[in-house]
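Understanding the architecture of this molecule
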Amino acid sequence: MHHISLKTGGEAEFQAALDFYGTVLGCPLVRRWGQGERRGAMLDLGNTLLEVTASGAGERKGAFAHIAFATDDVDGMIERVRAAGRPVFIEPVDKCLGEDYPIRIAFCTGPAGEDIEFFQER
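Residues numbered from 1 in each chain as written. Predicted model: local features only at pLDDT ≥ 70, side-chain atom pairs only at ≥ 80, totals over all residues. Heavy atoms only, no water.

**A few points about the pattern of salt bridges**
Throughout the structure, instances matching the rule amount to five salt bridges. Among the ionic pairs, Glu91 bridges to Arg82, the shortest N-O distance being 2.3 Å. The exposure class assigned to Glu91 is partly exposed, which follows from its relative accessible area of 43%. Arg82 gets classed as partly exposed once you look at its relative accessible area, which sits at 42%. Here Arg104 and Asp94 are joined by a salt bridge, their closest N and O atoms 3.1 Å apart. (Salt bridge = Lys/Arg side-chain N within 4 Å of Asp/Glu carboxyl O. Buried < 20%, exposed > 50% of the residue type's maximum accessible area, 1.4 Å probe, protein only.)

The structure is reproduced here in structure tokens:
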């Protein structure tokens, strides 16, 4: 996989997404391009890139279920998300996927309305 594309609803939402993914979640900026509604950027998510564009106002062709970030500290990520003012809709919780795959997860809403999961293998 090369990247996941997130179309934001204009310049304000674009900047909010860059601030959230770059500053709050600590994803490094790889590149930026364009101006106005043609603005775009790519951030390094670790195993793939997130392409954020400002050209999605009024256009929602489809949606992914969520983006899942691997982390060693679900609770710490949720603290960072809360400090940034983002809503948390599933608090950190321990689960088990099958008999021998314990995990800890939590979910929040990103600046463009996207669902974000924090996923910790135990």
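**Here's the deal with the sheet that holds strand β8 (residues 115–121)**
Strands sit in the order β5-β8-β7-β6 across an open sheet of four strands; the sheet is mixed. Each end of this open sheet is capped by a strand with a single partner; those strands are β5 (67–70) and β6 (88–96). For this sheet the average axis-to-axis angle between neighbouring strands, irrespective of direction, equals 20°. Looking at chain direction, strand β7 (residues 102–109) and β8 are connected through seven bridges and run antiparallel. For Ile105, the partnering residue across the bridge sits in β8 and is Phe119. Along the sheet face, helix α2 (residues 74–83) touches β6, β7 and β8 and points at about 180° away from the line of β6. (Pairing = 2+ DSSP bridges. Helix = DSSP H or I, 4+ residues; strand = E, 2+ residues; numbered from the N terminus. Axes fitted to C-alpha atoms, helices over the stretch in contact; angles between N-to-C directions. Contact = heavy atoms within 4.5 Å.)

**Section: the sheet that holds strand β4 (residues 49–53)**
As summarised here, the arrangement of the four strands in space is β1-β4-β3-β2, forming an open sheet in which the pairing is mixed. Since the sheet does not close on itself, it has two edges, and those belong to β1 (3–7) and β2 (29–33), each with one partner. The average angle at which neighbouring strand axes cross in this sheet is 15°, direction not considered. As judged from the five bridges shared by strand β3 (residues 40–44) and β4, these two strands associate in the antiparallel manner. Paired with Ala41 across the strands is Val52, a residue of β4. On top of the sheet, helix α1 (residues 11–24) reaches β1, β2, β3 and β4; it is set at about 15° to β3, its chief contact.

**Observations concerning α1**
Think of an α-helix as 3.6 residues a turn; residues three or four steps apart then line up on the same face. Between its first and last C-alpha, α1 extends 19 Å over 14 residues, near the 20 Å set by a 1.5 Å rise per residue. Taken together, the buried positions of α1 are occupied by Phe14, Ala17, Leu18, Phe20, Tyr21 and Val24. Just downstream of α1 lies Gly26, where phi reads positive at about 75°. (Expected span 1.5 Å × (residues − 1).)

**As for the side chain of Thr48**
Here Thr48 lies in the loop between β3 and β4. When its relative accessible area of 13% is taken as the criterion, Thr48 is described as buried. A polar side-chain atom of Thr48 sits 3.0 Å from the main-chain carbonyl oxygen of His2. Here the side chain of Thr48 touches His3 through a polar contact of 3.5 Å, landing on its backbone nitrogen. Once you skip the residues sitting within four places of it in the chain, Thr48 turns out to touch Met1, His2, His3, Ile4 and Leu43. (Polar contact = N/O pair within 3.5 Å; in protein donor to acceptor, adjacent residues only side chain to side chain.)

Structural measurements only, silent on function.
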